[in-house]
Amino acid sequence: MYGFVCGIVEGDQALVKPFWEEETVTVWGTKEQIAELRVAKEALLIVFYDEETMMLEEEEDYGALAG
């Protein structure tokens, strides 16, 4: 099953929202797997937005940030 990582719960657990589901679930992994998820999640949280309107900037190339 596939899902979006919503957060790291503890050292060996991640909170995941499965595709096509509303409820989140807790999944377990090795410390190495969770460390990789933590790095990937932090890397994916960069966005550009207008502070006045709180809207994402349309001109930015988010694909370039993804590498």
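Nothing here was measured: the structure is a model prediction, and the numbers come from that model. (Residues numbered from 1 in each chain as written. Predicted model: local features only at pLDDT ≥ 70, side-chain atom pairs only at ≥ 80, totals over all residues. Heavy atoms only, no water.)

Chemist: Please clarify how the environment of Val9 should be interpreted in this entry.
Modeler: With respect to the helices, strands and loops of the structure, Val9 is situated in strand β1 (residues 3-10). Counting along the chain gives 19 residues from Val9 to Trp28, while the straight-line C-alpha distance between them is 9.6 Å. When sequence neighbours within four positions are dropped, the list of residues in contact with Val9 reads Ala14 and Leu15. (Helix = DSSP H or I, 4+ residues; strand = E, 2+ residues; numbered from the N terminus. Contact = heavy atoms within 4.5 Å.)

Chemist: I tried to follow the packing of aromatic side chains on my own but got confused; where do I start?
Modeler: A ring pair, where both rings are aromatic, is described by two values, the distance of the centres and the angle of the planes. Counting across every chain of the model gives 3 aromatic pairs. Ring geometry for Tyr2 versus Phe19: centroids 6.2 Å apart, planes at 25°, classification stacked. With a gap of 17 residues between them, Tyr2 in the segment before β1 and Phe19 in the loop between β2 (13-18) and β3 (25-28) connect regions that are remote in the sequence. The partly exposed category is assigned to Phe19, whose relative accessible area is 27%. Their ring planes at 45° and their centres at 4.8 Å tell us that Phe4 and Phe19 sit as a pair that is tilted. Here the residue Phe4 occupies a position in strand β1, and Phe19 occupies one in the loop between β2 and β3, the gap between them amounting to 15 residues. (Phe/Tyr/Trp six-rings, centres within 6.5 Å; stacked < 30°, edge-to-face > 60°. Buried < 20%, exposed > 50% of the residue type's maximum accessible area, 1.4 Å probe, protein only.)

That's the geometry; what it means functionally is another story.
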